[in-house]
Amino acid sequence: MHTSELMATAQALVAPGKGILAADESTSTIKKRFDTIKLESTEENRRSYRELLFTTQGAAEYISGVIFYDETLRQKTKDGQPFPQVLADQGIIPGIKADTGLELLAGFPDEQITKGLDDLRQRLADYYQLGARFTKWRAVITIGPNLPTLGAIDANASAMARYAALCQEAGLVPIIEPEVLMDGSHTIERCEEVTSLTLKRMFDALYEQKVLLEGTLLKPNMVLPGKKAAQQATPQQVAEATIRCFRRVVPAAIPGIVFLSGGQSPEEATANLSAMNAMGAHPWELSFSYGRALQEPVLKHWQGQAGNIEAAQKAYAHRAKLNGAARSGHYTHVPRPFWPFCPGAHPLSRRSQCRC
Ligand code: 5MM
């Protein structure tokens with residue numbers, strides 16, 4: 001077991017003021033993101049977009065690690081620099097999505113299991129050689145009438161724990177991502193109940209598989225009402241429900257919790273994280289591992305045009321900085337009084353006042 005290396009990597013990923021960029025969209029998911037800007041998902045467009053992200057000046061001040069997709073880990077800048085090296089040169093730790101997606105769980109209609117265990121030991125050895133120092137595995141839990149079932153939660157917990165143990169054997173920090181989806185009209189109380197049960201069973205499984213918690217990070221959903229719920233929640237309500245839930249079921253030995261954004265707007269994701277940190281101190285670092293909440297403004301500014309790269313990079317650096325502020329509870333969302341003269345893309349930007 002690579003105990004000290006694992007603990008050092010996990011702690012570096014949740015260093016104060018920093019968080020993780022999730023850029024591990026699979027080919028089918030990045031196509032959906034590119035569809036929103038009417039851009040074809042070719043290998044070159046995916047490479048150019050990731051180069052834009054990974055070469056953003058100033059991002060390293062707020063970004064501790066980046067999660068790649070398998071294809072991205074092997075790609076290079078147009079000047080021939082491997083992406084993992086580009087990040088490592090900036091002090092950003094390269095990571096990799098280790099699961100290979102979802103499939104229906106036999107015997108459990110409407111529930112899914114995560115794939116990728118069969119060849120995992122060999123793939124992890126390759127990923128380490130290519131420069132990755134952490135990995136991520138996502139399980140999806142759906143709330144619905146009579147859902148989730150304990151059978152589906154436990155099947156996912158078991159796979160997650162075996163994944164985590166294999167990562168640690170290879171010297172890679174596992175990020176376990178049990179995502180309770182926001183889809184539906186459930187209440188925040190129902191989300192809290194399902195998130196508690198899911199996390200409880202996940203940590204039981206990690207214990208049984210002898211996973212080193214000090215060398216593991218948790219990437220969960222926040223406790224939120226469903227997207228279609230009649231009653232939405234304020235950042236303070238989200239923070240109170242999430243912290244109460246996590247204090248009950250997440251061991252203090254975990255160095256950090258790096259939330260996913262899960263379909264929240266960038267502003268909501270930042271405001272909710274900030275409200276949680278403002279309630280501190282907590283047993284674990286509370287940070288971010290956002291995909292959409294960091295990248296939505298970037299795609300909007302970029303539009304697939306080389307002439308927009310600078311504006312898109314400014315939008316990314318700006319969002320990273322605001323999430324960096326949320327790490328210490330110092331972000332408060334101010335509605336967009338100066339829109340569209342933000343966030344730094346426009347020459348007349350009043351950035352000092354704009355916090356959107
Ligand atoms: C839940 O998605 C993860 C976090 O992203 P958001 O902050 O946008 O919710 C994300 O890392 C996700 O696991 C990857 O994008 C890979 O997803 P797919 O569906 O391509 O496996």
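Details of the structure are given in the entry above.
Some details on the packing of helix H8 (residues 188-208) against helix H9 (residues 235-249)
Where H8 contacts H9, the axes come no closer than 9 Å and their chain directions differ by 25°. Classed by the angle they form, the pair H8 and H9 counts as roughly parallel. For H8 against H9, the interelement crossing comes out right-handed. Of the residues in H9, those touching H8 at Ile188, Glu192, Thr195, Ser196, Leu199, Lys200 and Phe203 are Gln237, Val238, Ala241, Arg244, Cys245, Phe246, Arg248 and Val249. Residues of the contact of H8 with H9, tallied by class, amount to eight nonpolar, three polar and four charged.

Some points on the site of the ligand
Around the ligand there are 17 residues in total, and Ser26, Thr29, Lys97, Lys136 and Ser261 lie nearest to it. Backbone polar atom of Gly262 to an oxygen atom of the ligand: 2.7 Å apart, as the coordinates give it. Contact with the protein chains removes 91% of the 510 Å² of surface that the ligand exposes when unbound. Under a 2 Å grid-point criterion requiring more than half of the atoms, the pocket assigned to the ligand is the largest pocket. For the shell around the ligand, the elements supplying multiple residues, two or more each, are strand S6 (134-141) and strand S7 (173-180). Each residue belonging to the shell around the ligand can be placed in one class, and the counts come to three nonpolar, five polar and nine charged.

Description of empty space enclosed by the protein
Counted by the stated rule, this structure contains four cavities of 30 Å³ or more. The computed volume of the largest cavity comes to approximately 60 Å³. As for the largest cavity, its lining consists of 13 residues, of which Val180, Met182, Asn221, Met222 and Leu224 are closest to the centre. Residues that form the lining of the largest cavity fall into these classes: seven nonpolar, five polar and one charged. As for the second largest cavity, its lining consists of Asp110, Glu111, Gln112, Val140, Ile141, Thr142, Pro148, Ala152 and Asn156. Elements supplying a minimum of two residues to the lining of the second largest cavity: S6 and helix H7 (150-169). Classifying every residue of the lining of the second largest cavity by side-chain character gives four nonpolar, three polar and two charged.

So, how was this worked out
Residues numbered from 1 in each chain as written. Predicted model: local features only at pLDDT ≥ 70, side-chain atom pairs only at ≥ 80, totals over all residues. Heavy atoms only, no water. Axes fitted to C-alpha atoms, helices over the stretch in contact; angles between N-to-C directions. Helix = DSSP H or I, 4+ residues; strand = E, 2+ residues; numbered from the N terminus. Parallel < 35°, antiparallel > 145°, perpendicular 65-115°, else oblique. Left-handed = near helix turned anticlockwise from the far one by under 90°. Contact = heavy atoms within 4.5 Å. Nonpolar A, V, L, I, M, F, W, Y, C, P; charged D, E, K, R; others polar. Near = heavy atom within 4 Å. Polar contact = N/O pair within 3.5 Å; in protein donor to acceptor, adjacent residues only side chain to side chain. Areas by Shrake-Rupley, 256 points an atom, 1.4 Å probe, with all protein chains shown as cover. 1 Å grid on protein atoms, 1.4 Å probe; cavity = no way out; pocket = protein on both sides within 12 Å on 5 of 7 lines; lining within 4 Å. Sits in = over half its atoms within 2 Å of the grid points. Points joined across faces, edges and corners; volume = space filled by probe spheres on them.

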